[in-house]
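So the chains spell out like this:
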Amino acid sequence: MHTYAGNDLIFAQVNSLTSIETLLPLSYYSLPYCIPMGGIRECVGNVGASLVGDQIINSPYRFQGYVNESVYLCTTGPLSAHEVRILKQQIRNMYQVNMMLDGLPVINYAYGRFNIQGTGFPIGYAAWNSDDVYIINHLKFTVLVNEHRNRIFDMMDFDVPSNGTVAKSYEPPPLFEIVGFRVVPCSVKHNQENMKKLKMFDNIDSMECPLELEKLQVVRESERISFTYEVQFLKSDIQWQSRWDTYLEQGDSRVHWFSVLNSLITILLLTSIIIAILLKTISRELAKCQGISKQAEAETDEEPSGWKLLAGDAFREPNHSKLLSVLVGTGVQITLTGFVTATIAAFGFKLPGARGMVLTLMMTSYCFSGIVGGYIGVRLWRTLKGSTDGWKSVSGSITFLFPGIVLSIHTVLNLVMWVSHSTAAISISIYVTILSLWFCTSAPVTLLGGFLATQAEAIQYPVKTNHIPREIPARTLPSWLLVLSVGMIPFCTLFIELFFFLSSICLSRFYSMSGTLCLCLLSLVIVCAETSLIVSYRNLQAEDWKWWWKSFCASGSASIYVFMYCINYLVFDLNGLSGPPSVTVYVGYSLIVAIGTLLSTGSIGFLASFYFVNFLFSSTEI
């Protein structure tokens, strides 16, 4: 909390220019805006802020506490052909200015004719029936303040005069906190003859936003543009602790809650159906095999069939067992990272104004959760191989698999963003920081987890494996068709939150439903586990003992639908974006999300199936 007094100078900050048409943030001063008197200074950020393209820098917009005024900033030189081309291009690409005051993003009211439009304001408007574009060069700010008296002065009785009255000289200056920041952006064609006589921060007459095109500031070659602004301070009853409520409540929350409730009901019905199937089928098989139900034995004289015939093959080592161990260990690490990040956000430990902290938290959590991923991966490898040989190779592969994929894809995307002059293109120093975090933290922690797995008690199979594998009966339809199709079930529990998640990133909306996100992730884990159980059981019933990879891919195939939904969002909600660089960046990040979903959901389904098959054969006398 920052408390200000009357006449205190408060400077606004600006972030990168953003656009829902390109998704490529640009530097604020890449356009011919006014430069602060003391020069451009960039605020020190974190790794996460650099990765998302935040570039918070100072601006010349200066406010004096409780002083309502109209101020002149500067006038540009004659616009060159290059500057006109850039301005027209960025205006048509719907770039907007993201300004902040005391950490609060500015809210745009668009000439006051609409309700809240969202944060930021456009850099200009394009005419409907001509090639002209008009730049926003006059801003009407409204600063909401919560005024209070300093209690220290109320208790200073020794300063009260003898007559019992308090003189005005003893009254402290008004103190306040900033609880709101609004703007009405205007385009005004100023009289350049009058502007030449002014210096930065000189006062000018207040003005209204014109609506006639001839009174707007057009962008043309050799045209000069003058920038001005007005500020008005208004008292408000909003408490400082509640000042973010306006931002977090943007959009129709009722639709969000209805969607979440509908998703939870769907999950509940699906879970009930899956549990009913499991109880009906497996309990009958166990009863028949253990002789608990004499009636069940009398009802059938059939020979043992289905999974009971696979006692000597169910735990046969799968193909590419090392790769499977690495994928499962990495998936557990990703899942744990997601839960830790969502839980911390749900309990309010992450403030809305902490830019880039979510991504920084995810990277840190992923590094330290490597101890769990290394432990799970090496223990699975030890179970499949029956020895600890090669555990260092497994731990190293877990360390480098997913981060290596992400770094490779991001390097290509970083080149695209660098060519496009985007602020999201990270520097060599950020790469060095990420690599240091990777090699100095993630690698040793993952290796420690693998070492602990070698010291743990080995998992023993309930049955012995035959030397000769059993022939798998032919099927009418390929078993992989079922495996790939059931991924739709976990996706149904995820796509609603995925929509809001994509909207928060691509459309610059605040994502505030962290509690429902935790419920969504928990439901996803349950559904992934149950989906893989059903698929594994059906494969065993069909005398198919190659359930290992199919159990991983059954729930992991949800990633296919996640990627397809991202492409659907690109085509129909983002209208294909603007230009190949934007599409390339979007598809690249969508691919990273899909790969992470594959590893996470696949590992959940595999571990659930592994313990289910182990329980199934250990609970039956065959």
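- Looking at an unreviewed UniProt entry, one finds the protein named Transmembrane 9 superfamily member and attributed to Eucalyptus grandis.
- Quoted verbatim from the Sequence similarities (unreviewed entry) field of UniProt, the annotation for the protein is "Belongs to the nonaspanin (TM9SF) (TC 9.A.2) family."

1. Some thoughts on the pairing of strand E15 (residues 226–235)
Two faces, one strand: in a regular strand the side chains alternate between the faces of the sheet.
Alright, step 1. Counting buried positions along E15 yields seven of 10 residues, so the element is predominantly enclosed.
Alright, step 2. Of the strand pairs in this sheet, strand E13 (residues 138–148) and E15 are connected by eight bridges, and their pairing is parallel. When the sheet's bridge partners are listed, Leu139 is paired in E15 with Tyr229.

2. Here's the deal with the nonpolar core
Alright, step 1. In this structure, Tyr61, Phe63, Met99, Phe141 and Phe617 are the most contacted members of the largest nonpolar core, which totals 117 residues.
Alright, step 2. Ranked by residues supplied to this core, first place goes to helix H19 (residues 580–618) with 13 residues.
Alright, step 3. Formed by eight residues, the second largest nonpolar core is a distinct cluster that contains Tyr72, Cys186, Val188 and Ile204.

3. Let's talk about the sheet that holds strand E6 (residues 95–97)
Alright, step 1. Strand order in the open sheet formed by three strands is E3-E6-E10, with antiparallel pairing between adjacent strands. Here the strands that pair on one side only, and so sit at the sheet edges, are strand E3 (18–19) and strand E10 (121–122).

4. Some remarks on the packing of aromatic side chains
Alright, step 1. Counted under the stated rule, the structure contains 34 aromatic pairs.
Alright, step 2. Ring centres of Trp548 and Phe610 lie 6.1 Å apart, and the angle between their planes is 45°; this geometry places the pair in the tilted category. Of this pair, Trp548 sits in helix H17 (residues 548–556) while Phe610 sits in helix H19, and the two are 62 residues apart along the sequence. Take Trp548 and Phe610: they sit in the same class, and that class is buried.
Alright, step 3. Here the aromatic cluster, defined as three or more aromatic residues joined through ring pairs, consists of Tyr61, Phe63, Phe141, Phe181 and Tyr229.
Alright, step 4. The ring of Phe201 has Arg62 lying over it, and the distance from NZ or CZ to the ring centre is 4.0 Å.
Alright, step 5. Taking the ring centre of Trp545 as reference, the NZ or CZ of Arg316 above it sits at 5.6 Å.

5. Considering the side chain of Arg382
Alright, step 1. For Arg382, the position within the fold is in helix H10 (residues 370–385).
Alright, step 2. One buried charge, Arg382, has no salt-bridge partner; the nearest side chain with opposite charge is Glu457, at 8.7 Å.
Alright, step 3. In this view, Arg382 contacts Ser387, Thr388, Ala453, Thr454, Gln455, Ala456, Glu457 and Ala458; residues no more than four positions away in its chain are not counted.

6. Topic: the environment of Leu23
Alright, step 1. Within the fold, Leu23 resides in the loop between E3 and helix H1 (47–52).
Alright, step 2. Spatially, the C-alpha atoms of Leu23 and Val583 are 8.8 Å apart, while their sequence positions differ by 560 residues.
Alright, step 3. When sequence neighbours within four positions are dropped, the list of residues in contact with Leu23 reads Cys506, Leu574, Leu577 and Tyr586.

Calculation criteria
Residues numbered from 1 in each chain as written. Predicted model: local features only at pLDDT ≥ 70, side-chain atom pairs only at ≥ 80, totals over all residues. Heavy atoms only, no water. UniProt positions renumbered as here; feature names shortened; annotations may be inferred. Buried < 20%, exposed > 50% of the residue type's maximum accessible area, 1.4 Å probe, protein only. Helix = DSSP H or I, 4+ residues; strand = E, 2+ residues; numbered from the N terminus. Pairing = 2+ DSSP bridges. Core = buried A, V, L, I, M, F, W, Y, C linked by side-chain atoms within 4.5 Å. Phe/Tyr/Trp six-rings, centres within 6.5 Å; stacked < 30°, edge-to-face > 60°. Lys NZ or Arg CZ within 6 Å of the ring centre and 35° of its normal. Lys, Arg positive; Asp, Glu negative; His and termini not counted. Salt bridge = Lys/Arg side-chain N within 4 Å of Asp/Glu carboxyl O. Contact = heavy atoms within 4.5 Å.

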